[in-house]
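Structural overview for review
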Amino acid sequence: MPCKLSSLTRRAGPGAEAWLQRRPGPGWPGAPAHTGCAHILQPAARGVGGAMAQALGEDLAQPSELQDDSSSLGSDSELSGPGPYRQADRYGFIGGSAAEPGPGHPPADLIRQREMKWVEMTSHWEKTMSRRYKKVKMQCRKGIPSALRARCWPLLCGAHVCQKNSPGTYQKLAEAPGDPQWMETIGRDLHRQFPLHEMFVSPQGHGQQGLLQVLKAYTLYRPEQGYCQAQGPVAAVLLMHLPPEEAFWCLVQICEVYLPGYYGPHMEAVRLDAEVFTALLRRLLPRVHKHLQKVGVGPLLYLPEWFLCLFARSLPFPTVLRVWDAFLSEGVKVLFRVGLTLVRLALGTTEQRLACPGLLETLGALRSIPPAQLQEEVFMPQVHGVALSEQDLQREIKAQLAQLPASASEPPPRPQARLPGAPAIFEAQQLAGTQGNPRPEVPRIVVQPPEEPQPPRRKPQTRGKTFHGLLTRSRGPPIESPSRSHRSSTSFLDTRF
């Protein structure tokens, strides 16, 4: 099977080959114990391997000295497992630093107001998406309340419609035996997904077992794509908020609607988006782009880890959730905005670029941004302030797609299959629902000739007659009326008009 990263490493940058040659092996003193994103970028069952891909993955792993288990990142350098039990934070990370809201966190009254707004919007979702999507987008940018993400995420990505249209599908997939090659690879990756989260600590716990079922179900649902190890962190974040069936359909929507071509055998969409990201850097951050070219850092040395995992391994967890809220609402342009913001924070000033004279130092700077700059209330306004619209992104995608060399061994990217966020998904599902129903009958227009005028009906003469008498007179022979002495006790039907 051809290497998935063969086309990616050719575009990794002019200095990548020399860097890989001088990169120490995994046995050198101080090397990280685990390969970090190597398990994301090189699935063994897909034939993605080799020393180059392995070394590339090792460097993308965050060194242990740059990491703190209190940051709620949950990366592979924490696989030694938690020490003595410590209290979990409000997101479920053992020993995390998010036990209490930070100083920039909105007050409880404001959170309650946002919750009420989301309850009102989701109670009439079709009407909301048809007429008031701008309000939905603004509320997503402010952050979906934690108590309502389980309700809002499936609505935003359209997973609730998929689940409704395919009842019982997930149960059949979960009960069916999985493909042995994928089951072996999935089983090796289960303990790597957020090992310090209370859901995924135990191998026999509901977290790891639910993750196994969701990932196995996807390999059976799309056997031509199989399993990509970057799907593990994405599915794990979904399972932290949703039941397994809803998490599965959300994963399907992310892989097939938001990011088609990202998790397939050839990852052709990652190659295209890397070129698009480079073009955006050239236009929006020209000095940073020039520095990255000078030191030989191509986007494929850092971008796949960001985009494939939806920044789940690169940002503090509260910020990850805010990124996901905006991503499920506005689509892939949010990922580009986040990536551009991270590059600017790491290399935006002259002093920062002078401190990174080579490839290793530059990659280290991209992975060691001060945590204070990545806090949600500080970071997200900068993300939404990036001057990148959906029209700009589509224009750049078309330009780079025309320049991308065709390869006979790899399918071409299909950016037209990617829908730009929740409103496009809602419209597509509404259209599909209309086409799936039987065609309604066209009402026939019958023109009748005008009726001839008829003389007006004369009002019957009822004066001096009883209603009971009229009824009996029309039905049969008249009956004898009661005597006047008994009329005071007769029924209402016998009274006179």
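Numbers given for residues are sequential positions, taken from 1 along each chain in its written order. For this predicted model, a pLDDT threshold of at least 70 governs which residues receive local features, and a threshold of 80 or more governs which side-chain atom pairs are given and counted, while totals over whole chains, interfaces and linings are taken from all residues. As a rule here, side-chain values cover all heavy atoms of the structure and leave hydrogens and water aside.

Moving on to the overall build of the protein chain. Secondary structure elements follow DSSP: runs of H or I no shorter than four residues count as helices, runs of E no shorter than two count as strands, and numbering proceeds from the N terminus. The helix and strand tally for the protein chain stands at 25 helices and zero strands. Burial statistics for the protein chain: of 497 residues in total, 49% are counted as buried. The contacts of the protein chain with a sequence gap of at least 6 include a subset with a gap of at least 24, amounting to 76%. Here the Shrake-Rupley method, with its probe set to 1.4 Å, supplies the accessible areas, and only the displayed protein chains count as covering residues. For the protein chain, the accessible area works out to roughly 25300 Å², and carbon and sulfur atoms hold 55% of it. Three exposure classes are used, based on accessible area relative to the maximum for each residue type with a 1.4 Å probe and protein chains only: buried under 20%, partly exposed in between, and exposed over 50%. Contacts: residue pairs with any heavy atoms within 4.5 Å of one another.

This next bit is on the environment of M138. Position of M138 among the secondary structure elements: in helix α7 (residues 133–142). When the C-alpha atoms of M138 and S329 are compared, they prove to be 9.6 Å apart, with 191 residues separating the residues in sequence.

Buried residues of helix α22 (residues 376–384): E376, F379, M380, V383 and H384, and no others. The buried residues of α22 occupy one face: seen down the axis, they fall within an arc of 125 degrees. Elements that come into contact with the buried residues of α22 comprise α7, α18 (317–330) and α19 (333–347). This arc corresponds to the set of directions leading from the helix axis out to the C-beta atoms.

So, on to unusual backbone geometry. Despite not being glycine, F194 has its phi angle at roughly 50 degrees, a positive value. In this structure, F194 sits in the loop between α11 (180–189) and α12 (206–221). Note on F194: relative accessible area 1%, which makes it buried. The backbone phi angle of F311 is positive, close to 65 degrees, even though this residue is not glycine. Assignment of secondary structure puts F311 in the loop between α17 (303–308) and α18.

When pLDDT drops low, the exact placement of atoms in the prediction is not to be read closely. Each residue carries a pLDDT value, the predictor's own confidence for that position, ranging from 0 to 100. For the protein chain, mean pLDDT is 78; residues scoring 70 or higher make up 69% of the total. Across residues 1–84, where pLDDT falls below 50, the model places 168 contacts with residues more than four positions away in sequence or in other chains. Below a pLDDT of 50 lies the segment residues 484–497, which in the model reaches twelve contacts outside its immediate sequence neighbourhood of four places, other chains included.

Bringing the pattern of salt bridges into the picture now. Only one rule defines a salt bridge in this text: a Lys or Arg side-chain nitrogen within 4 Å of an Asp or Glu carboxyl oxygen. Evaluation of the coordinates by the stated rule reveals 14 salt bridges. Residue R222 pairs with E256 through a salt bridge whose shortest N-O separation is 2.6 Å. One end of the pair, R222, is in the loop between α12 and α13 (231–239); the other, E256, is in helix α14 (residues 244–258), and 34 residues separate them in sequence. The exposure class of R222 is partly exposed, given its relative accessible area of 23%. We classify E256 as partly exposed; its relative accessible area is 21%.

Pairing of aromatic side chains requires ring centres within 6.5 Å, counting the rings of Phe and Tyr and the six-membered ring of Trp. Pairs whose planes differ by under 30 degrees are stacked, by over 60 edge-to-face, and all others tilted. Under the definition given, this model contains 18 aromatic pairs. By way of ring pairs, the aromatic residues F277, Y302, W306, F307, F311 and F336 are connected into one cluster.

Time to look at the environment of H160. Considering the arrangement of structural elements, one finds H160 in helix α9 (residues 159–165). The exposure class of H160 is partly exposed, given its relative accessible area of 30%. Here the alpha-carbon distance between H160 and E246, two residues 86 residues apart in the chain, equals 7.5 Å. Beyond its immediate chain neighbours, meaning those up to four positions away, H160 contacts W125, P154 and L155. Polar contact criterion, stated in full: a pair of N or O atoms within 3.5 Å, where within protein one must be able to donate a hydrogen and the other to accept it, and residues adjacent in sequence count only if both atoms are side-chain atoms. Within the local environment of H160, its side chain forms a polar contact with the backbone oxygen of P154, the two atoms lying 3.2 Å apart.

In this fold, E245 is placed in helix α14. Given the relative accessible area of 17%, E245 is considered buried. Counting along the chain gives 74 residues from E245 to Q171, while the straight-line C-alpha distance between them is 7.9 Å. Other than its neighbours up to four places away in sequence, E245 contacts Q163, Y170 and Q171. Of the polar contacts made by the side chain of E245, one reaches the side chain of Q171; its length is 3.0 Å.

For this text, the term disulfide refers to a pair of cysteine sulfurs within 2.5 Å. For the structure shown, the criterion picks out zero disulfides. Cysteine C162 is unpaired, with the sulfur of C157 as its nearest cysteine sulfur at 7.6 Å.

It is worth spelling out the packing of α12 against α13 at this point. For any two helices packed against each other, the geometry comes down to the angle between their axes and how far apart the axes lie. Between α12 and α13, the shortest axis-to-axis distance is 10 Å and the interhelical angle comes to 120 degrees. The orientation of α12 relative to α13 falls into the category oblique. With respect to the hand of their crossing, α12 and α13 are arranged in right-handed fashion. Each of G207, G210, L211, V214, L215 and Y218 in α12 lies in contact with α13, whose residues at this interface are Q231, G232, A235, A236 and L239. Axis definition: a line fitted to C-alpha atoms, over the contacting stretch in the case of helices. Angles run 0 to 180 degrees between N-to-C directions. Oblique is the label for any angle not covered by the other classes, which are roughly parallel (under 35 degrees), roughly antiparallel (over 145) and roughly perpendicular (65 to 115). Take the far helix as the reference: if the near one is turned anticlockwise from it by less than a right angle, the crossing is left-handed, and if turned clockwise, right-handed.

Another point: α7. Regarding α7, the residues found buried are Y133, V136, Q139, C140 and R141. Just downstream of α7 lies G143, where phi reads positive at about 105 degrees.

The next point concerns the packing of α18 against α19. Here α18 crosses α19 at 140 degrees, and the two axes come no closer than 8 Å. Considered as vectors, α18 and α19 are oriented oblique to each other. Taking contact as the criterion, the partners of V323, A326, F327 and E330 in α18 are, on α19, K333, V334, L335, R337 and V338. The residue makeup of the contact of α18 with α19, split by class, is six nonpolar, no polar and three charged. The residue classification treats Ala, Val, Leu, Ile, Met, Phe, Trp, Tyr, Cys and Pro as nonpolar and Asp, Glu, Lys and Arg as charged. All others, Gly included, are polar.

Take Q429: it is sitting in helix α24 (residues 422–436). Of the residues examined, Q429 reaches a relative accessible area of 18% and is grouped as buried. Separated by 3.0 Å, the side chain of Q429 and the backbone oxygen of G158 make a polar contact. Discounting chain neighbours no more than four positions away, the residues touching Q429 are G158, V161, C162 and Q253.

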